[in-house]
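# Breakdown of the fold
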Amino acid sequence: MNTVRLTTAQALVRFLANQYSERDGQEQRLIPGVWGIFGHGNVAGIGQALLQAAVTQEADLPYYLARNEQGMVHASVAYAKLRDRLATFACTASTGPGSTNMITGAALATTNRIPVLLLPSDMFATRAADPVLQQLEDTRAGDVTVNDAFRAVSKYFDRISRPEQLIPAALAAMRVLTDPVETGAVTLSLPQDVQAEAYDWPVAFFRRRVWHVGRPVPEPAAVERTARLLRGAKRPLIVAGGGAVYSGAETALRAFAEGTGIPVADTHAGKGAVPWDHPCAVGGIGSTGSYAANKIAKEADVVLGIGTRYSDFTTASHTVFGNPDVIFVNLNVARLDAVKHSAEPLVADARLGIQALAGQLTDWEVDPSYRAHTRQLIARTREIEEQCFHVGHGPLPAQTEILGALNDVLEDRAVVINAAGSMPGDLQQLWRARDPKAYHVEYAYSCMGYEVAAGVGAKMADPSREVVVLVGDGSYLMMAQEIVTMVSEGLKVIIVLVQNHGFASIGALSESLGSQRFGTKYRYRQGDSGLLDGEVLPVDLAANASSLGADVLHATSVDEFRTAMEKARAATRTTVVHVETDLCGPNPPAHGWWDVPVSQTSALDTTRAAHETYAAHKQAQRHYL
């Protein structure tokens, strides 16, 4: 057997450089590079291997320096999301806190079903120097390290305690990364001594490998059952999720909607699969859904879910589908999602499934009166949107006015990134996406701090697109340091920094639940009341962004914001547009509900009143059986 002597780390780098994915005849690098921050756990292992690869050109695997380990996972996820999960990065971190910093990113990737390869360094496999720096000593077991925390948030986990274990583990890792059903965070835990240990590797291990990402074909009988249910529907509704986008089903979905007249609502991950101004597009659905989508959902008798996992925000905590006889038919590549809500499952690739259904329904469409009803609801929705965009609030503008201006100034292909706070709810109702990649809202994990790092990954994934990071001061303060990475890599990203001196989303939720916005404002502590109710803190986030290397523009009104955005679009460097908005809204009108339990007993009048409202909403909640 032909072999080559390399360290485990050198072998892993060489292996990763030769992995490719393929779908529909299009090949691309599966792992185009490695993000990392070096410490004693990986500097002489993975770090040395990446250096050697660059100097000798024995492997093409570029290294990128991040500023926070969680941030580099977020950047990798955003990259993979824009690449339809067909490519992602590897992330290397040192032992202890460097590695555990990646756990939140791993949870985000797995929850969103986005591939990312994590390479946390681990303690000595030989235990020759126990306990080493940053080692957890567990009295229950000698083989437990902090990296075991990755197991719960990874779709695949393995600890490489001997060099030869890398061969099956690396192949298993690629299998999971390229599986549309199983994909998520993949973790190969690498003890620091094993990284540097040499072994005679089979040369065949490093051959060029192409991992074919297939399109599961729908079972004909399942297509017939699904089509039969749709034929019997009077008020059907499609809910388009992320699977409709990742499978590239946009064209097929639009044609299917046009041919049948079935209105299409979307989740955060599915927005843009059907353009906002398509005659069948009724907007976001669920807790923060649009007027049209939620009205139709209340009466729908058959719901066709396409590539959606039906989160509580999509179902408005099991209240938005109000018809007691509603039937679900779910087209999904994952059986887990296809059978949700006691549905008739159609387990298949979204694009192929839609095309198969279209073939069965060529002679069927909804009644013309239902199309007219959909048009009327959409018209009312447009009126609500325009009111939000032009509310004329003062002295500080409303956040919805800023979103309206942003909608106007950006081109259709611009990618808007957001994840947490009040903006996802506003965006789901108000954002007008034409392009399936234009709306990049991470709302499975809704992770504060995702946005800036994601801007790095999205821009790397498609440099031809304008990338706009939309971030509130809460998320910005969680993780803004990847601005430095944008600058160092020469990436032009626009960051719209909306400052309102508090947590707008949780503040409004707190108020609605009778908790009086407690702990949600950025204020001085005043006296001994236990409340942060003093003056506004003198935090200058614009100055912070400037200190990290970004150019900064200021806006104090909607008109000034429009002007600043035009300048930012013309810029060639990372540019922050800073604008202050009113912490207390106004926000778009609510058309859905979200189940957040309220204290059943309280000494506060506000909490008691909120519990009465909560109990009333609970009456509409049910299982779909």
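Calculation criteria
- Residues numbered from 1 in each chain as written.
- Predicted model: local features only at pLDDT ≥ 70, side-chain atom pairs only at ≥ 80, totals over all residues.
- Heavy atoms only, no water.
- Phe/Tyr/Trp six-rings, centres within 6.5 Å; stacked < 30°, edge-to-face > 60°.
- Helix = DSSP H or I, 4+ residues; strand = E, 2+ residues; numbered from the N terminus.
- Buried < 20%, exposed > 50% of the residue type's maximum accessible area, 1.4 Å probe, protein only.
- Lys NZ or Arg CZ within 6 Å of the ring centre and 35° of its normal.
- Core = buried A, V, L, I, M, F, W, Y, C linked by side-chain atoms within 4.5 Å.
- Pairing = 2+ DSSP bridges.
- Axes fitted to C-alpha atoms, helices over the stretch in contact; angles between N-to-C directions.
- Contact = heavy atoms within 4.5 Å.
- Expected span 1.5 Å × (residues − 1).
- Polar contact = N/O pair within 3.5 Å; in protein donor to acceptor, adjacent residues only side chain to side chain.
- Nonpolar A, V, L, I, M, F, W, Y, C, P; charged D, E, K, R; others polar.

### Some points on the packing of aromatic side chains
Tallied over the full model, the rule gives 17 aromatic pairs. Ring centres of Trp35 and Tyr64 lie 5.4 Å apart, and the angle between their planes is 40 degrees; on these two criteria the pair is classed as tilted. Taken together, the residues span a long stretch of sequence, with Trp35 in strand β4 (residues 34-36) and Tyr64 in strand β5 (residues 63-65) at a distance of 29 residues. Each member of the pair, Trp35 as well as Tyr64, is classed as buried. Residues Phe38 and Tyr63 carry aromatic rings whose centres are separated by 4.9 Å and whose planes lie at 20 degrees to one another, so their mutual orientation is stacked. Taken together, the residues Phe38 in the loop between β4 and α2 (46-56) and Tyr63 in strand β5 connect sequence positions 25 residues apart. Members of the aromatic cluster, each reached through a chain of ring pairs, are Phe15, Tyr199, Trp201, Phe205 and Phe206. In this arrangement the basic side chain of Arg14 is found over the ring face of Phe206, its NZ or CZ atom lying 5.6 Å from the centre. For the cation-ring pair, Lys271 lies above Tyr439, with the distance from its terminal atom to the ring centre recorded as 5.6 Å.

### A look at the nonpolar core
Formed by 56 residues in total, the largest nonpolar core has its most connected members in Trp35, Leu118 and Tyr450. With eight residues, the single largest contributor to this core is helix α3 (residues 69-82). If you look at the next biggest cluster of nonpolar residues, it comprises 55 residues, including Ala233, Val282, Trp364 and Ile378.

### Re the sheet that holds strand β16 (residues 327-332)
Strand order across the open sheet formed by six strands is β14-β13-β12-β15-β16-β17, with parallel pairing between neighbours. Pairing within the sheet leaves two strands with one partner each, and these edge strands are β14 (281-284) and β17 (344-347). Each neighbouring strand pair of the sheet contributes to a mean axis angle of 20 degrees, computed without reference to strand direction. With three bridges connecting them, strand β12 (residues 236-240) and strand β13 (residues 264-266) associate as parallel partners. Opposite Val239, over in β13, you have Ala265 as the bridge partner. Together, β12, β13 and β15 (302-306) form the strand contacts of helix α10 (residues 250-260), whose direction differs from that of β12 by roughly 170 degrees.

### Thoughts on unusual backbone geometry
In the segment running from Asp130 into Pro131, the intervening peptide bond is cis, with an omega of -10 degrees. For Pro131, the position within the fold is in the loop between β7 (116-122) and β8 (156-159). The omega angle of the peptide bond from Gly585 to Pro586 is 5 degrees, so this bond is cis rather than trans. In this structure, Arg517 takes a positive phi of about 60 degrees despite not being glycine.

### Looking at the sheet that holds strand β21 (residues 494-499)
Across the sheet, six strands lie side by side as β19-β18-β20-β21-β23-β22; this open sheet has parallel pairing. Each edge of the open sheet is held by one strand with a lone partner, namely β19 (439-441) and β22 (551-555). Neighbour-to-neighbour, the strand axes of this sheet turn through a mean angle of 20 degrees, independent of strand direction. The sheet contact formed by β21 and strand β23 (residues 575-580) spans six bridges and is parallel. Note on β23: the bridge partner recorded for Val496 is Val577.

### Topic: the pairing of strand β9 (residues 185-191)
Summarising burial for β9: seven of the seven residues are buried, a large majority. Residue alternation in β9 divides its side chains into two sets, Ala185, Thr187, Ser189 and Pro191 and Val186, Leu188 and Leu190, and both sets are buried. With five bridges connecting them, β7 and β9 associate as parallel partners. Of the residues in β9, the one forming a bridge with Leu118 is Thr187.

### Some remarks on the environment of Ile160
Take Ile160: it is sitting in the loop between β8 and α6 (166-177). On the basis of relative accessibility, which here comes to 0%, the residue Ile160 falls in the buried class. When the C-alpha positions of Ile160 and Gln195 are compared, they lie 8.9 Å apart, and in sequence the two are 35 residues distant.

### Points about α3
If you check α3, its first and last C-alpha atoms are 21 Å apart, about what 14 residues at 1.5 Å a residue would give, namely 20 Å. Residue Asn68 occupies the N-cap position of α3, its side-chain oxygen lying 2.8 Å from the main-chain nitrogen of Gln70. Where α3 ends, the next residue or the one after it, Asp84, has phi of about 55 degrees, a positive value.

### Structural notes on the packing of helix α11 (residues 291-299) against helix α15 (residues 368-389)
At a minimum axis separation of 8 Å, α11 and α15 run at an interaxial angle of 145 degrees. In contact with Tyr291, Ala292, Lys295, Ile296 and Glu299 of α11, α15 contributes Tyr370, His373, Thr374, Leu377, Ile378, Arg380, Thr381 and Ile384. For the contact of α11 with α15, the per-class residue count stands at seven nonpolar, three polar and three charged.

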